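# Fold and geometry: a report
Residue strings, one per chain:
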Amino acid sequence: MNEIEESKPLPEHTKLDYYECYAKIVLEENFPDQFFDLEIYDKPDLQNEQLNIGIEVTSSIDPKQKESESLYVKWLEQSNEGKEKIERQIEKCGAELKDGLLRGVSGNDNFDRIYAEIKRKKGKIGKYRPFDKQYLFIFSYILATSDMREKALKEMRHICFQTSLQFDRIYVLVPGALYIFDLIENITSERKINSNIQCIQACSAREMVIQ
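Note that the structure is a prediction, hence the values are computed from the model and not measured.

## Comments concerning empty space enclosed by the protein
Counted according to the given criterion, the structure contains two cavities of 30 Å³ or more. Computed from the structure, the second largest cavity encloses a volume of approximately 50 Å³. Lining the second largest cavity are P44, G54, I55, E56, I125, Y128, R129, F131, Q134, Y135 and F167. The set of elements that each furnish at least two residues to the lining of the second largest cavity consists of β3 (53–59) and β6 (133–139). Take the lining of the second largest cavity: its biggest share by element is three residues, from β3. Grouping the amino acids of the lining of the second largest cavity by side-chain chemistry returns seven nonpolar, two polar and two charged.

## Notes on the packing of aromatic side chains
Applying the stated criterion across every chain, the model contains 13 aromatic pairs. For the pair Y18 and Y22, a centre-to-centre distance of 5.8 Å together with 55° between the ring planes defines the contact as tilted. Taken together, the residues Y18 and Y22, both in helix α1 (residues 18–30) and four residues apart, mark about one turn of the helix. Classification of Y18 as partly exposed rests on a relative accessible area of 24%. Residue classification places Y22 among the buried positions, given a relative accessible area of 9%. A centroid spacing of 6.0 Å and a plane angle of 75° characterise the contact between F35 and Y171, whose relative ring orientation is edge-to-face. With F35 in the loop between α1 and β1 (39–40) and Y171 in strand β7 (residues 169–174), this pair connects stretches of sequence that are 136 residues apart. On the accessibility criterion, Y171 (1% relative accessible area) is buried.

## Details of the packing of helix α4 (residues 112–122) against helix α5 (residues 146–160)
Between two packed helices, both the angle of their axes relative to each other and the distance between the axes serve to describe the pair. Close contact between α4 and α5 brings their axes to 10 Å; oriented N to C, the two are set at 20°. By the angle between their directions, the pair α4 and α5 is classed as roughly parallel. Every pair of crossing elements has a handedness; the one defined by α4 and α5 is right-handed. Two secondary-structure elements touch here, α4 through I114, Y115, I118, K119 and K122 and α5 through K151, A152, E155, M156, I159 and C160. Of the residues that constitute the contact of α4 with α5, the class distribution is seven nonpolar, no polar and four charged.

## Here we look at unusual backbone geometry
Note the cis peptide between K43 and P44, where omega equals 0°. With respect to the helices, strands and loops of the structure, P44 is situated in the loop between β1 and β2 (46–48). Phi is positive for N52, close to 55°, though the residue is something other than glycine. Here N52 is to be found in the loop between β2 and β3. A positive phi angle, close to 60°, is found at N186, a residue other than glycine. N186 sits in the partly exposed class, given a relative accessible area of 43%.

## Focus: α5
Owing to its 3.6 residues per turn, the α-helix aligns residues three or four sequence positions apart on the same side. If you check α5, its first and last C-alpha atoms are 21 Å apart, about what 15 residues at 1.5 Å a residue would give, namely 21 Å. Those residues of α5 that sit buried are R149, A152, L153, M156, I159 and C160. For α5, the angular spread of the buried residues around the axis is 130°, confining them to a single face. Away from the buried face of α5 by more than 90 degrees, exposed residues D147, K151 and K154 are located. Those residues of α5 hidden inside the fold are in contact with α4, β7, β8 (177–182) and β9 (187–192).

So, how was this worked out
- Residues numbered from 1 in each chain as written.
- Predicted model: local features only at pLDDT ≥ 70, side-chain atom pairs only at ≥ 80, totals over all residues.
- Heavy atoms only, no water.
- 1 Å grid on protein atoms, 1.4 Å probe; cavity = no way out; pocket = protein on both sides within 12 Å on 5 of 7 lines; lining within 4 Å.
- Points joined across faces, edges and corners; volume = space filled by probe spheres on them.
- Helix = DSSP H or I, 4+ residues; strand = E, 2+ residues; numbered from the N terminus.
- Nonpolar A, V, L, I, M, F, W, Y, C, P; charged D, E, K, R; others polar.
- Phe/Tyr/Trp six-rings, centres within 6.5 Å; stacked < 30°, edge-to-face > 60°.
- Buried < 20%, exposed > 50% of the residue type's maximum accessible area, 1.4 Å probe, protein only.
- Axes fitted to C-alpha atoms, helices over the stretch in contact; angles between N-to-C directions.
- Parallel < 35°, antiparallel > 145°, perpendicular 65-115°, else oblique.
- Left-handed = near helix turned anticlockwise from the far one by under 90°.
- Contact = heavy atoms within 4.5 Å.
- Expected span 1.5 Å × (residues − 1).
- Arc of directions from axis to C-beta.

Listed below in structure tokens is the structure:
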């Protein structure tokens, strides 16, 4: 693989997955007593034999949102002459630029995409290496109130407890916070994460991929 340039976006295919690295960092830094020495594997993505924990990592972020963010990085690097074409591509994604800032794709105000990811991953869990504790880590942009999280917890339990194959806990990382849904204890909570800390964690994940 060619060397990854520090100032450029990550290639689509890398030896380590950026989101898996990011999830590993978030869990180990926020819950050091519960998660440590998580190894990046496959099926599930993060594993620790000593802890008997397996964690599958996924994203419920709209693909159009991801595309618009990638285009925005390119837009920032362009001279004025080359920006108009990229601006039109961003608009086709459903996002927009306002005063030089990217305004994202709408539709991040409910848990529908998250439910879809839970169902998709739950359908595959029987093919994964079994662990006593099986968790799901989801990247999202949803900003949820406590009432929204309580309703989501009920729906997640309904989805996961239909069969014996289930996730014991689901983590949802959003801007500024980590939502925790403990499906066994039937409890949801929120861990605030400072935006500067999230930026550092994201940069650390990128550095893991580059290294």
